[in-house]
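The residues making up each chain are set out below.
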Amino acid sequence: MKQMTYREALREGMDEELARDENVVIFGEEVAQYNGAYKVTQGLWEKWGDKRVFDTPISEAAFIGMGVGASMLGVRPVMELMFWSFHSVAFDQLVNNAANVRYMSGGQINCPIVVRGPANGGTNVGATHSHVPEAIFASMPGLKVVSPATPEDAKGLIKSAIRDNDPVYVMESTVLYGMSGPVPEDEDFTIPLGKAKIEKEGSDMTIIAHGGSVVHAIAAAEELKEKHNIDAEVVNLRSIRPLDQDTIIESVKKTNRALIVDESKPFCGVSSQLVTLIQEYAFDYLDAPIKRLCTIDAPAIYSKHIEPEQLPNQRRVVEKALELAKA
């Protein structure tokens, strides 16, 4: 294992796939000479040149459409959105075209496109730049959605996404880009899409999270153990669709309590689907009603002092877990 930041892990994964497959290309706004808005693609243009890594005009509708078309012809584009909040101006390309072409062609045309970039709040950039849209895309048949929570996740999932023959949308977190963690040194290391990870074993309750919320869930679980003698298990979803239902259900059956931590808004969010799943397949094992902790249901608050309280954080997770333990 080696220590890498989340940003470096994404970059190394893309670099290795550029070397492995000549059909892989990277493009988006400022990903080449400028090294990417968040420096995720730093050095890749210098290494691979204009034909493999290149900049596009500032038009998500145009370059996502170009990527969808190119992927139908055998190219494997990896495309960066500066913010996933800008998905709405390319919604037809992302959802109507990419998601449906394989089905509507009877499997004759694949769309092996990866769209990646930040999908999170907490960086004080206002409501139009802080969306968390994984639930929107996960609701569309034909699309795959992943949300890395650690550097290991970042590298393993980006490599699997690039190799997949379906559209895969990678929801990253700017808050996590500088976070360091262990990553396997094997150049062929991948994480299968649809496979969750137990980040911490426990027996008293299951805390389920994805993306940046996993960090808060782990910290909260440690506090619960140290200060309240509550042994919480933490499940890192990694993949939203496909979803690892077996890991979720088996964990809840073991602990008999479930808390879902989700940066999505509560109405029609990822947590809503998880509640339904647990209710359907583990109801008889529950010793208390399912709890969930989401972002407070309002547009992202601009104030840097207030926004952290709108989002899931360690204190809010601990408080909700204590409610669940007493239920």
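Values in this document were obtained by computation on a predicted structure and should not be read as measured data. (Residues numbered from 1 in each chain as written. Predicted model: local features only at pLDDT ≥ 70, side-chain atom pairs only at ≥ 80, totals over all residues. Heavy atoms only, no water.)

## A short note on the overall build of the protein
- When its secondary structure is counted, the protein shows twelve helices and 14 strands.
- The globule rule puts the C-alpha radius of gyration for 327 residues at 20 Å, and the 19 Å found for the protein is close to it.
- Here the C-alpha coordinates of the protein stretch approximately 60 × 45 × 40 Å along the principal axes.
- Here the protein holds 327 residues, and 56% of them are scored as buried.
- For the protein, the proportion of contacts with a sequence separation of at least 24, taken over those separated by at least 6, is 80%.
- As presented, the protein carries roughly 13700 Å² of accessible surface, and 52% of it is formed by carbon and sulfur atoms. (Helix = DSSP H or I, 4+ residues; strand = E, 2+ residues; numbered from the N terminus. Rg over C-alpha atoms; globule rule 2.2 N^0.38 Å. Buried < 20%, exposed > 50% of the residue type's maximum accessible area, 1.4 Å probe, protein only. Contact = heavy atoms within 4.5 Å. Areas by Shrake-Rupley, 256 points an atom, 1.4 Å probe, with all protein chains shown as cover.)

## A closer look at the sheet that holds strand 6 (residues 144-146)
- The strand order across the open sheet formed by seven strands is 3-2-4-5-7-6-12, and the pairing between neighbours is mixed. Edge positions in the open sheet fall to strand 3 (53-55) and strand 12 (239-241), since each of these has one partner strand only. The sheet shows a mean angle of 20° between the axes of neighbouring strands, direction not considered.
- In this structure, strand 6 lies alongside strand 12, joined through two bridges in antiparallel fashion. From the neighbouring strand, Val146 faces strand 12, where its bridge partner is Ser239. (Pairing = 2+ DSSP bridges. Axes fitted to C-alpha atoms, helices over the stretch in contact; angles between N-to-C directions.)

## Considerations on empty space enclosed by the protein
- Scanning the entire structure with this criterion turns up one cavity of 30 Å³ or more.
- Of the voids in this model, the largest cavity is the one considered here, and its volume is about 110 Å³.
- What lines the largest cavity is a set of 15 residues, among which Ala119, Ser147, Gly211, Gly212 and Glu263 lie closest to the centre.
- Looking at the lining of the largest cavity, its residues break down into five nonpolar, seven polar and three charged. (1 Å grid on protein atoms, 1.4 Å probe; cavity = no way out; pocket = protein on both sides within 12 Å on 5 of 7 lines; lining within 4 Å. Points joined across faces, edges and corners; volume = space filled by probe spheres on them. Nonpolar A, V, L, I, M, F, W, Y, C, P; charged D, E, K, R; others polar.)

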